[in-house]
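# Descriptive analysis of the structure
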Amino acid sequence: KEYYQRFKVCKKHSCQAEVVVDGVPSRFCQQCCTFQNLSEFDGDRRSCRQKLLIHNERRKQRTEHRQCASSSDDDTAARSTRR
């Protein structure tokens, strides 16, 4: 209930696939916490394309960082076993 009070939107409208706001079909973005034009969303997703792009880039960077870290650990382990 606090979530809906914080963003001044009722649960019914925040969960609907389409709501008309000022004559424009919109949907509540869970990441931005605002109503945005339906064209900003892919299919039935609840987060707009822009926020999903940022989220996916962040995940990609974390994955690359982990792969680099584990490959450097493997190199270190390989060097220590050769000695």
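Okay, so let's go over this structure. (Residues numbered from 1 in each chain as written. Predicted model: local features only at pLDDT ≥ 70, side-chain atom pairs only at ≥ 80, totals over all residues. Heavy atoms only, no water.)

### Considerations on the side chain of S14
Within the secondary structure, S14 sits in helix 2 (residues 11–15). Given a relative accessible area of 6%, S14 falls into the buried group. Polar side-chain contacts of S14 include one of 3.0 Å to the backbone oxygen of K11. Beyond its immediate stretch of four places on either side in the chain, S14 contacts Y4, V9, F28 and R46. (Helix = DSSP H or I, 4+ residues; strand = E, 2+ residues; numbered from the N terminus. Buried < 20%, exposed > 50% of the residue type's maximum accessible area, 1.4 Å probe, protein only. Polar contact = N/O pair within 3.5 Å; in protein donor to acceptor, adjacent residues only side chain to side chain. Contact = heavy atoms within 4.5 Å.)

### Topic: the pattern of salt bridges
All chains considered together, the criterion is met by 1 salt bridge. Two residues, R49 and D42, come together in a salt bridge whose shortest N-O distance is 2.7 Å. Using a relative accessible area of 38% as the deciding quantity, one classes R49 as partly exposed. (Salt bridge = Lys/Arg side-chain N within 4 Å of Asp/Glu carboxyl O.)

### What to know about a positive patch on the surface
Taken together, the side chains of K51, R58, R59, R62 and R66 present a region of like positive charge at the surface. According to the relative accessible area criterion, K51 is partly exposed, its value standing at 32%. (Patch = residues over 30% accessible without salt bridge, like charges linked within 9 Å, V, L, I, M, F, W, Y side chains within 5 Å. Areas by Shrake-Rupley, 256 points an atom, 1.4 Å probe, with all protein chains shown as cover. Lys, Arg positive; Asp, Glu negative; His and termini not counted. Charge placed at Lys NZ, Arg CZ, Asp CG, Glu CD.)

### Topic: unusual backbone geometry
Despite not being glycine, K8 shows a phi value in the positive range, around 50 degrees. A residue is classified by how much of its surface remains accessible, and K8, at 78% relative accessible area, is exposed.

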